[in-house]
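A closer look at the structure
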Amino acid sequence: MTNKSDLTVERLFDASISEVWQAITQKELMKQWYFDLAEFKAEIGFKFEFTGGPPEKEYLHLCEVTEVIPEKKLTYSWRYDGYEGNSFVSFELFEQGNQILLKLTHTGLDTFPKSNPDLDISNFRMGWDEIINISLKDFLEHKNKS
């Protein structure tokens, strides 16, 4: 069940399911299009953190992997140190012919403080659009050309 504060971004990629799965689960690859994580494991219960946000005010993101179905689904919690609220990010992969559909869903955005404009859904929408439709797209396209 989704509500109006849930965000979904879908994108088709000309890549194999294993290439997309590796891009979203291997820290060396994630660093090239996502965030530079000190460590990441696609294992339930694995906790990781990173900083991100506008240069003038970066936020410490605290995350924990909650669901892993290899080459199908990865979900982790997403919250901010020092702020109330907890959300969940899911990456789901679907084969569509010779392409892969990636469906990113970010739920629970309404749990973040409404008083902080940085945590408004419009910023998440812009951020995920950039990450999936530009950064990940460019990463997978250049990976397949090399």
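Relevant structure appears above.
The structure displayed is predicted, hence computed values, not measured ones.

1. Topic: the overall build of the protein chain
- Scanning the protein chain from terminus to terminus reveals 3 helices and 6 strands.
- Starting at the N terminus and walking to the C terminus, you meet the elements of the protein chain as β-α-α-β-β-β-β-β-α.
- Against the 2.2 N^0.38 benchmark of 15 Å for 146 residues, the protein chain shows a C-alpha radius of gyration of 15 Å, consistent with a compact globule.
- Relative to its full complement of 146 residues, the protein chain shows a buried share of 42%.
- Across the protein chain, contacts joining residues at least 24 apart in sequence account for 49% of those joining residues at least 6 apart.
- For the protein chain, the exposed area adds up to about 8100 Å²; of that, 48% sits on carbon and sulfur atoms.
- The centroid of the 16 positive side-chain charges in the protein chain is displaced by 1 Å from the centroid of its 25 negative side-chain charges.

2. Notes on the layout of surface pockets
- Roughly 310 Å³ of volume is contained in the largest pocket.
- Listing elements by their share of the lining of the largest pocket, those giving two or more residues are strand S3 (59-69), strand S4 (73-80) and helix H3 (121-145).
- Here the lining of the largest pocket takes 5 residues from H3, the largest share from any one element.
- Taken together, the residues of the lining of the largest pocket break down into 9 nonpolar, 5 polar and 1 charged.

3. Quick word on the side chain of Thr25
- When you line up the elements, Thr25 lands in helix H1 (residues 17-25).
- Leave out the neighbours within four places in its chain, and Thr25 touches Met30, Phe40, Ala42 and Leu74.

4. Observations regarding the packing of aromatic side chains
- As enumerated under the stated definition, the model contains 19 aromatic pairs in all.
- Judged by centre distance (6.4 Å) and plane angle (50°), the ring pair of Tyr34 and Phe50 falls under tilted. Separated by 16 residues along the polypeptide, Tyr34 in the loop between helix H2 (27-33) and strand S2 (47-52) and Phe50 in strand S2 bring together distant segments of the chain. The pair formed by Tyr34 and Phe50 is uniform in burial state, with each residue classed as buried.
- With a centroid separation of 5.6 Å and 70° between ring planes, the pair formed by Phe50 and Trp78 is classed as edge-to-face. Within this pair, whereas Phe50 is found in strand S2, its partner Trp78 is found in strand S4, the two being separated by 28 residues in sequence.

5. Topic: the pairing of S2
- The two faces of S2 differ: Phe48, Phe50 and Gly52 on one face are buried, but Lys47, Glu49 and Thr51 on the other face are not.
- Pairing analysis gives 6 bridges linking S2 to S3, with the strands arranged antiparallel. By the bridge assignment for S3, Phe48 is matched with Cys63.
- Here S2 folds back onto S3 in antiparallel fashion, the turn holding 6 residues, of which Gly53 has a positive phi close to 125°.

6. Quick notes on the side chain of His106
- If you trace the backbone, His106 turns up in strand S6 (residues 99-107).
- A distance of 2.9 Å separates a polar atom in the side chain of His106 from a polar atom in the side chain of Trp128.

7. Focus on unusual backbone geometry
- Even without a glycine there, the phi angle at Glu71 is positive, about 60°.
- Looking at the element boundaries, Glu71 is found in the loop between S3 and S4.

8. Considering the environment of Asp36
- Its location among the elements puts Asp36 in the loop between H2 and S2.
- Asp36 gets classed as exposed once you look at its relative accessible area, which sits at 53%.
- Spatially, the C-alpha atom of Asp36 lies 26 Å from that of Pro113, the residues being 77 residues apart in sequence.

Calculation notes
- Residues numbered from 1 in each chain as written.
- Predicted model: local features only at pLDDT ≥ 70, side-chain atom pairs only at ≥ 80, totals over all residues.
- Heavy atoms only, no water.
- Helix = DSSP H or I, 4+ residues; strand = E, 2+ residues; numbered from the N terminus.
- Rg over C-alpha atoms; globule rule 2.2 N^0.38 Å.
- Buried < 20%, exposed > 50% of the residue type's maximum accessible area, 1.4 Å probe, protein only.
- Contact = heavy atoms within 4.5 Å.
- Areas by Shrake-Rupley, 256 points an atom, 1.4 Å probe, with all protein chains shown as cover.
- Lys, Arg positive; Asp, Glu negative; His and termini not counted.
- Charge placed at Lys NZ, Arg CZ, Asp CG, Glu CD.
- 1 Å grid on protein atoms, 1.4 Å probe; cavity = no way out; pocket = protein on both sides within 12 Å on 5 of 7 lines; lining within 4 Å.
- Points joined across faces, edges and corners; volume = space filled by probe spheres on them.
- Nonpolar A, V, L, I, M, F, W, Y, C, P; charged D, E, K, R; others polar.
- Phe/Tyr/Trp six-rings, centres within 6.5 Å; stacked < 30°, edge-to-face > 60°.
- Pairing = 2+ DSSP bridges.
- Polar contact = N/O pair within 3.5 Å; in protein donor to acceptor, adjacent residues only side chain to side chain.

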